[in-house]
Amino acid sequence: MMAHASEQAAGDGSGLAPATVAVAVVIAGSAAVIVVQLLRSIVFRVTGIYRWLSPTRDAPASRAAPPHSDDFSTPKRGQRPAAAQHTSTTPGTGLKSLMKQAAMAKRAAGPDFVPDSELHLASLRSTTGAVLGLAWSADGDALAAATDGGSLQVWRLPPGLDVAAPGGRQPPHSSHELRQGASDVAFGAGPSSLAVLTRGEGGAPAVTLLTLPKGPRGDPEPAWTRHGAHAAANDGRCLEASAGSKAGYPIIISSSNKTDIHVYSGSGEDLGTIDTGGFENYAAAVSSDGRWVAAATFTNDVKIYEVSFDRQGTFTGLHKAMALKGHAARVLALAFSPDLGRCATASADGTLRLWNIGVRYALAEDPKLLATARLPLALDPKLRARLAWGAGGVIALSNGHRLAFFDEAGADLLASVPDAHTAPIAALAWCPGRLTALERPTWTLATGGGDARVRLWRSPERSAGRRV
């Protein structure tokens, strides 16, 4: 009987073994799946970091490029590569941002497309991403670019350098890394003073004034920073600076994509905030003498504010001075003339208008419309439109890939380039003085876009109706 009980107990034990084995198999299988997923995640992250490091492991972007680098090119017109996609987001520290920056760096290092236009002089290559802002120094010897890859690019163009000479001497170029992405730039009181609009602490835009190093080596030093220039939920739309003011210092303005425009002195003093009340700011500009600030909002009108000073040069306030009324749709771009007495506006109604703002507004005298011209291109509100008024009497307009030039005398079309960049243009800036191009002095426009290129263009001759 005892033997029979022992056999029954043994039989019962052998009956439980398959269930135990099945549970063990399930647990082991689940553990294996988890391990495989962890390994895949680790490999993915390591691969992403490697891709991010690989474009710059030979020449880190935080180091200045050698004085005669190949970032300046005047190649022959060639085959157009696949169109690049424009992006205007600022970089973060996540894996997705790092991989995006790596892809943009590889795109920047790719073959260049040369526009089929007689006006194109040369191309400057950004090393870290889409070009979102451009600015010339007052003497025309330096060109700065803000990129969404988180860096500043600065080219030095000394007097006598022929910017269009094939195989000629290349301009010194330096790249300076920032903790946050730069969305726009503006030169301050001198060629070594550069204001930058960045994504600051807590995600809110910040304005910083940097002192650039004298040579191609070294890092810029911050003179001052204004954190929280705009709310964290708002993006920085644009940054501009005047050449001076009644007080002797430049006026720096920073506009968000909402309704606020902050006004600063060259030393960083917060002079006040303008609430445009237009739901959204499409464009903002400051006149070169620092007197006027213009804003294009969701409405059809352009509002112009005065930065007021007393006779001793003491700042006294900001107030609305006048409005430019007449467009049938919202204004998407604007610019002041170098002579300070006029303003240009481009609207979604398909017109370019020139205005006389040198009026006695205190006596209720309204601005006068000087000229209206039909645009050769329909402005797309989803793409940034830019206007720039050059000292040579030519106005440049961009929207998407396209670029057009107009005569300031009557807004006559001088030239248009349908494919100036292979991605949407985000920045325009006229050099304040003539540069040497093809052995003669030339008024020069710089354009920057999502294709990680800065292109230089000569001003067309001021004779209407010719397309090049």
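Here the structure is a predicted model, which means the values were calculated and not measured.

A.B. asks: Go over the overall build of the protein chain with me, naming the residues and quoting the values.
C.D. replies: A count of helices and strands for the protein chain gives 2 helices and 31 strands. Every one of the 468 residues in the protein chain was classed for burial, and the buried ones make up 53%. Pairs at least 24 apart in sequence give 54% of the contacts found in the protein chain among residues at least 6 apart. Carbon and sulfur atoms make up 55% of the accessible area of the protein chain, which amounts to about 21,100 Å² in all.

A.B. asks: Explain the packing of aromatic side chains to me, and be specific about the residues and the numbers.
C.D. replies: Any pair of aromatic rings gets described here by the distance separating the centres and the angle formed by the planes. For the structure on display, the rule yields 6 aromatic pairs. With centroids separated by 6.1 Å and ring planes inclined at 40°, the aromatic side chains of W224 and Y264 adopt a geometry described as tilted. Here the residue W224 occupies a position in strand β10 (residues 221-226), and Y264 occupies one in strand β13 (residues 260-265), the gap between them amounting to 40 residues. With a relative accessible area of 2%, Y264 lands in the buried category.

A.B. asks: Break down the nonpolar core for me, with residues and values.
C.D. replies: Core analysis: the largest hydrophobic core is formed by 21 residues, its most contacted members being L352, L387 and L397. Those elements that provide at least two residues to this core are β19 (331-336), β20 (342-347), β21 (351-356), β22 (368-374), β23 (385-389), β24 (394-399) and β25 (402-407). L161, A164, A427 and L456 belong to the second-largest nonpolar core, a separate cluster that totals 20 residues.

A.B. asks: Outline the side chain of S308, listing residues and values.
C.D. replies: The topology assignment puts S308 in strand β17 (residues 302-309). Here H319 takes part through its side chain, which lies 3.3 Å from a polar atom of the side chain of S308. Discounting chain neighbours no more than four positions away, the residues touching S308 are T314, F315, T316, G317 and H319.

A.B. asks: An account of the sheet that holds β22 is requested, with residue identities and associated values reported.
C.D. replies: Hydrogen bonding along the main chain pairs the strands of a sheet, whether they run parallel or antiparallel. Ordered in space as β19-β20-β21-β22, the 4 strands form an open sheet in which the pairing is antiparallel. Strand pairing shows two members of the sheet lacking a second neighbour, β19 and β22, which therefore form its edges. The average undirected angle you get between the axes of adjacent strands in this sheet is 20°. Of the pairings in the sheet, the one linking β19 to β20 comprises 5 bridges and is antiparallel in character. In the sheet register, A335 faces β20, and the bridge partner there is A344.

A.B. asks: Can you lay out the pattern of salt bridges for me, pointing to particular residues and giving the numbers?
C.D. replies: Taken as a whole, this structure holds 8 salt bridges when the rule is applied. For R342, the salt bridge is made with D339, and the minimal N-O distance between the two is 2.7 Å. Take D339: its relative accessible area is 46%, and that puts it in the partly exposed class. Each of D339, R342 and E408 takes part in one network of salt bridges that share partners.

A.B. asks: If you had to explain unusual backbone geometry to someone new, which residues and values would you point to?
C.D. replies: Phi at A411 is positive, roughly 65°, even though this residue is not glycine. Note that A411 resides in the loop between β25 and β26 (413-417). A positive phi angle is found at A452, which is not glycine, with a value near 60°.

A.B. asks: Describe the confidence of the model for the protein chain, listing the residues and the values that go with them.
C.D. replies: When the pLDDT values of the protein chain are averaged, the result is 80; 73% of them are 70 or greater. The secondary structure element of the protein chain with the lowest average pLDDT is strand β1 (residues 72-73), at 36, and the one with the highest is β21, at 98. Overall, residues 1-16 carries pLDDT values under 50, and its contacts beyond four positions in sequence, including any with other chains, amount to 0 contacts. Per-residue pLDDT stays below 50 along residues 46-93; that stretch engages in 114 contacts with residues further than four places along the chain or on separate chains.

Rules behind the numbers
- Within any chain, residue numbers begin from 1 and follow the written order of that chain's sequence.
- Residue-level local features of this predicted model are given only where pLDDT is at least 70; pairs of side-chain atoms are given and counted only at 80 or more, and the full residue set underlies all totals for whole chains, interfaces and linings.
- Water and hydrogen atoms play no part in the side-chain values, which are based on all heavy atoms of the structure.
- To qualify as a helix, a DSSP run of H or I must reach at least 4 residues; to qualify as a strand, a run of E must reach at least 2; elements of each kind are numbered from the N terminus.
- The classification of residues rests on relative accessible area computed with a 1.4 Å probe and restricted to protein chains. Under 20% of the type maximum is buried, over 50% is exposed, and intermediate values are partly exposed.
- Here a residue-residue contact requires only that any non-hydrogen atoms of the pair lie within 4.5 Å.
- Calculation of accessible area relied on Shrake-Rupley with a 1.4 Å probe; when residues are assessed, cover is drawn exclusively from the protein chains displayed.
- Between 30 and 60 degrees the pair is tilted, below 30 it is stacked and above 60 it is edge-to-face, where a pair is any two Phe, Tyr or Trp rings, Trp via its six-membered ring, whose centres lie within 6.5 Å.
- Only buried residues count toward a nonpolar core. Its members are Ala, Val, Leu, Ile, Met, Phe, Trp, Tyr and Cys residues joined through side-chain atoms within 4.5 Å.
- In the analysis that follows, any N or O atom pair within 3.5 Å is treated as a polar contact, provided that within protein one partner can donate a hydrogen and the other can accept it, and provided that, for residues neighboring in sequence, both atoms belong to side chains.
- Note: two strands are recorded as paired if DSSP finds a minimum of 2 bridges between them.
- What counts as an axis is a line fitted to C-alpha atoms, over the stretch in contact for a helix, and the angles between N-to-C directions run from 0 to 180 degrees.
- Throughout this description, the term salt bridge denotes a Lys or Arg side-chain nitrogen within 4 Å of a carboxyl oxygen of Asp or Glu.
- A residue's pLDDT is simply how confident the predictor is in it, with values from 0 to 100.

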